[in-house]
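The residues making up each chain are set out below.
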Amino acid sequence: MDEMSWKVVQAIFERSENVLTFCGSRPLSTNPLAVDEKFWCELQGAYKEKGRYMEINLGLFSEADAKEMIAYHLEIKVDEIDGSFLRNVYTSSGGMPHYLSYVLETIKRNDLTVKLDNGLIGLKSSESAESKLGFKSVNDLLLYRLDALDSSVRTTLHLAAVLGTEFDLLDAALSYEEMFDVIDSDRFHSAMELCAHFDVAEKEGILEQVLSSSKHDQDEFGDPVDEEDQLGAGLGDVVISPSARKSHPLYSDNRRYRFTHDSWKTSILSVMLDGRKEEMHEQIATVLEREIVEESDSKDDLEKQIHVFKHWNLSGNFTKAAELALQIGGQLMILGLNSQADLLFTDVITSLKNEQGGVTHGGICSSVLDAVEPPELELLIKVYIGKGKALCNLAKGKCGAEAYQSALDILHYTPCAFAPEFDRSVSFPIFSGLFLVLKMGVIEQNEGGSYEVGLCKQFVEQARLNNDPVHYGRALAMQGETLARLGKFEEALENLETIKSIYDIETQHAAICKAYGSDRVGQAFSHSVNWNQALGRTDAALATCKYIVEEIVPKSDPKNAHNTFCLLYSVMVTMKEHDKALEARDLFIATIVAPFEEHFGSGGSTFTKPMWQPILMVLDMQGNGDKEIEHIDEYLEWALDDSSYALKSVIEGAMGNFSATPLAMFAEVPFYLAKREEIDLEKRKHLIQTACTQMEKSLENAQKCIPYAKWYAQEKLVAIRALSMELDCIDSTATYLLRN
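Computed from a predicted structure; not experimentally measured. (Residues numbered from 1 in each chain as written. Predicted model: local features only at pLDDT ≥ 70, side-chain atom pairs only at ≥ 80, totals over all residues. Heavy atoms only, no water.)

Participant: Talk me through the overall build of the protein chain; I want residue IDs and the actual numbers.
Facilitator: Looking only at helices and strands, the protein chain features 34 helices and seven strands. For the protein chain, the C-alpha atoms occupy an extent of roughly 100 × 80 × 60 Å along the three principal directions. Residue pairs at least 24 apart in sequence account for 68% of intrachain contacts in the protein chain once pairs closer than 6 positions are excluded. Taken as a whole, the protein chain presents about 36,300 Å² of accessible surface, with 51% of it coming from carbon and sulfur. The protein chain carries 71 positive and 116 negative side-chain charges, and their two centres are separated by 4 Å. (Helix = DSSP H or I, 4+ residues; strand = E, 2+ residues; numbered from the N terminus. Contact = heavy atoms within 4.5 Å. Areas by Shrake-Rupley, 256 points an atom, 1.4 Å probe, with all protein chains shown as cover. Lys, Arg positive; Asp, Glu negative; His and termini not counted. Charge placed at Lys NZ, Arg CZ, Asp CG, Glu CD.)

Okay, structure coming up:
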């Protein structure tokens, strides 16, 4: 199961009643689960102690277990089994129950037992000196049974294995026709032949029928299949659209097959030539892609697109696979499914890796890079950039940096990168990505910021020569941030004037977001709020806040919550510091929270979401002052829980380069609670100590962030310590009065 499927299981487990769930898994040491670490720890700890979770490890059969199974299958008594017979069967199966059943089924099917001279049941003689069964392993046994089948049946099973563990008959039929160029007049004969092959495979116990799970299976009256059937579809299944299904002879007799055990599929694939498997994957992908193009409802169906991608990728067609991965991955990231997007990009990259060794750049062998053409290089760089974006969205800054650096290495060491037809603009997001992870704090540099300065210089010059306002604007925005980080605020503001002359949000916003994940050019205005404040220009800072709220945010994509948050973070902090906390809270809810929940639901995820709740609490308490707070108990529970302050360092580093560090905002929750007189004094003292500890951490973290983040933490720390002294005085006075 993937990460999102596990979230469904977790939700059922945590919210439902009277539900018993069985989960089966291979050994976790070799097949790790994609489950949330915190949930897994809770299952292993608290839930196991409460009796809500238990594990049963299913080990291998002992020889005694195998002996009982032999007796059961062959309908003989346990004490009638010869010792050599038992050892032979046990060794061949490895003690695995399912494999043991295959061995015994073969023995029974081929009548391989005989009564020995000692009166016990044993195996008939075989030509093999190593094994009386004639094979050394279960894989040999399965191949022995496959070889006994007619060649036409084996060919059909080859197709089935390439289709996947589970598939529709119609999928197989349409792919079969593609393989053998079946003409319309021969479709019925071809379909009947295919059905006969599957009947043989079913009789042999290789395949079995299951309930159909295609979302387009309908009867003659157009009634949809039962919803339960649809739930069986997995990402590895292939689905054909209604247009092709309804015209096919097998439409009314469609059924779904699956291999009775994965070992059958593995054994079949192991004897197929790689070239033949790739050819079949390409034929299947061609059929599926044709159906998506012809059926308009399927064009936005991510599940179908992923089916097509998997077959193109396994066919060895890098161009097709990369184009689809970029298209699907972009949609997945918009939906917050960054882990799934990362897996797609990784699959494409892995398909190019050469396991034979040699010099590599970005994980790709130099011999492969030498053969790459410019269009393929452009796609490869885009895939690495997509992977970097997905990883950064997951707050995996170090891994994201590796992806961006790999893209840069490939660009430098691939010969065709210097060809005139190569589009160098595809490389610009690499500079932006490396700049982003640099701000996250995962790339070390000297105090003079030579790495950052060099990166900016290279980006600005290349973007200027390219003469594209989308990339040139991003390069200038990056340069402005670098100048400000070095304390050159006047130069940064002059740089912003150049941005103003080329930036047109209505025509460039979508392109900038597509290239860089969010509108990094528009965010330069947000950064300038801090630059103006650093120069003491409060009116200019507030005017810029107003411009962002009234001109930039309304024209930005409301679905891109990360971009909106980056645009407004410095604005909201500035507003709260100028007695407009409640206005900032209303703005936050209207432009970030509400659109996000509308498009993705409250359970959706985005990079900055861990910050939302504490910011809303701070704005609520700061804006209302001594007034009654509706959710004060909820705020208090959050503030008294030490785990609330656990925040990934990459979020702290990234957002600390926009305004105050996230931890500074978190620390203000217990600070404002400690100011409230209706709360017990001991709790207030505990809260102010927590606020002080967290703000000190924020100040430490801010050393690697923008100057404003450091100034903000220092100012708040002074206020926190003053309140701490005030509470100590109240406590001392109360103690004195009590003694007297």
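The discussion continues.
Participant: Give a detailed account of the sheet that holds strand 3 (residues 166-168), specifying residues and quantitative values.
Facilitator: If you walk across this open sheet you meet the three strands as 3-5-4, and the pairing is antiparallel. Each edge of the open sheet is held by one strand with a lone partner, namely strand 3 and strand 4 (207-210). Strand after strand, the sheet turns through a mean of 30° between neighbouring axes, direction not considered. Of the pairings in the sheet, the one linking strand 4 to strand 5 (residues 256-259) comprises four bridges and is antiparallel in character. The residue bridging Leu207 from the neighbouring strand is Phe259, located in strand 5. Contacting strand 3, strand 4 and strand 5, helix 7 (residues 151-163) runs over the sheet at an angle of about 90° to strand 5. (Pairing = 2+ DSSP bridges. Axes fitted to C-alpha atoms, helices over the stretch in contact; angles between N-to-C directions.)

Participant: Kindly report on the environment of Thr693, identifying the contributing residues and their values.
Facilitator: With respect to the helices and strands, Thr693 occurs in helix 33 (residues 681-701). A relative accessible area of 29% places Thr693 in the partly exposed class. Note: C-alpha distance between Thr693 and Ile720 (27 residues apart in sequence) is 10.0 Å. (Buried < 20%, exposed > 50% of the residue type's maximum accessible area, 1.4 Å probe, protein only.)

Participant: Before we move on, could you go through a nonpolar patch on the surface and cite the residues and values that matter?
Facilitator: A cluster of nonpolar side chains, Val8, Ile12 and Val19, forms an exposed patch at the surface whose accessible area comes to about 240 Å². Along the polypeptide, Ile12 turns up in helix 1 (residues 3-15). (Patch = residues over 30% accessible without salt bridge, like charges linked within 9 Å, V, L, I, M, F, W, Y side chains within 5 Å. Salt bridge = Lys/Arg side-chain N within 4 Å of Asp/Glu carboxyl O.)

Participant: Hey, could you go over the packing of helix 6 (residues 138-147) against helix 12 (residues 262-270) for me, with residue numbers and the actual values?
Facilitator: At their nearest, the axes of helix 6 and helix 12 sit 10 Å apart, and the two run at 75° to each other. With respect to each other, helix 6 and helix 12 are oriented roughly perpendicular. On helix 12, the residues touching Asn139, Leu142, Leu143, Arg145 and Leu146 of helix 6 are Ser263, Trp264, Ser267, Ile268 and Ser270. (Parallel < 35°, antiparallel > 145°, perpendicular 65-115°, else oblique.)

Participant: Break down unusual backbone geometry for me, citing the residues and quoting the values.
Facilitator: The phi torsion at Asn18 lies on the positive side, around 60°, for a residue other than glycine. By the secondary structure assignment, Asn18 is in the loop between helix 1 and helix 2 (37-49). The exposure class of Asn18 is exposed, given its relative accessible area of 83%. Unusually for a residue other than glycine, Ala395 sits at a positive phi of about 65°. With respect to the secondary-structure elements, Ala395 resides in the loop between helix 18 (374-393) and helix 19 (397-413). Ala395 sits in the buried class, given a relative accessible area of 13%.

Participant: Give me the lowdown on the packing of aromatic side chains, citing residues and values where you can.
Facilitator: The relation between two aromatic rings is expressed through the spacing of the ring centres and the mutual angle of the planes. One pass over the full model with this rule turns up 22 aromatic pairs. Summarising the aromatic geometry, the rings of Trp40 and Tyr53 are spaced 6.3 Å apart at their centres and angled 75° between planes, so their arrangement reads as edge-to-face. Here Trp40 is found in helix 2, whereas its partner Tyr53 is found in the loop between helix 2 and helix 3 (63-74), with 13 residues between them in sequence. What makes Trp40 partly exposed here is its relative accessible area of 22%. (Phe/Tyr/Trp six-rings, centres within 6.5 Å; stacked < 30°, edge-to-face > 60°.)

Participant: Could you give me a rundown of the environment of Gln445, with the residues and numbers involved?
Facilitator: One can find Gln445 in the loop between helix 20 (428-440) and helix 21 (450-466). Owing to a relative accessible area of 29%, Gln445 belongs among the partly exposed residues under this scheme.

Participant: Give me the lowdown on the pairing of strand 5, citing residues and values where you can.
Facilitator: In this sheet, strand 5 lies alongside strand 3 in antiparallel orientation, the contact comprising three bridges. Bridging from a neighbouring strand, Phe167 pairs with Tyr257 of strand 5.

Participant: So, helix 14 (residues 302-314): which residues are in play, and what are the values?
Facilitator: Helical geometry note: an α-helix holds 3.6 residues per turn, so side chains three or four residues apart project in the same direction. Taking 1.5 Å per residue as the helical rise, helix 14 with its 13 residues ought to reach 18 Å, and the 18 Å between its terminal C-alpha atoms agrees with that figure. Of all 13 residues making up helix 14, eleven are buried, and the element is well covered by its neighbours. Inspection of helix 14 places Leu302, Glu303, Lys304, Gln305, Ile306, His307, Val308, Phe309, His311, Trp312 and Asn313 among the buried residues, and these make up the whole buried set. Each element contacted by the buried residues of helix 14 is listed here: helix 7, helix 13 (274-294), helix 15 (318-334) and helix 16 (338-352). Phi turns positive, to about 85°, at Gly316, one or two residues after helix 14. (Expected span 1.5 Å × (residues − 1).)

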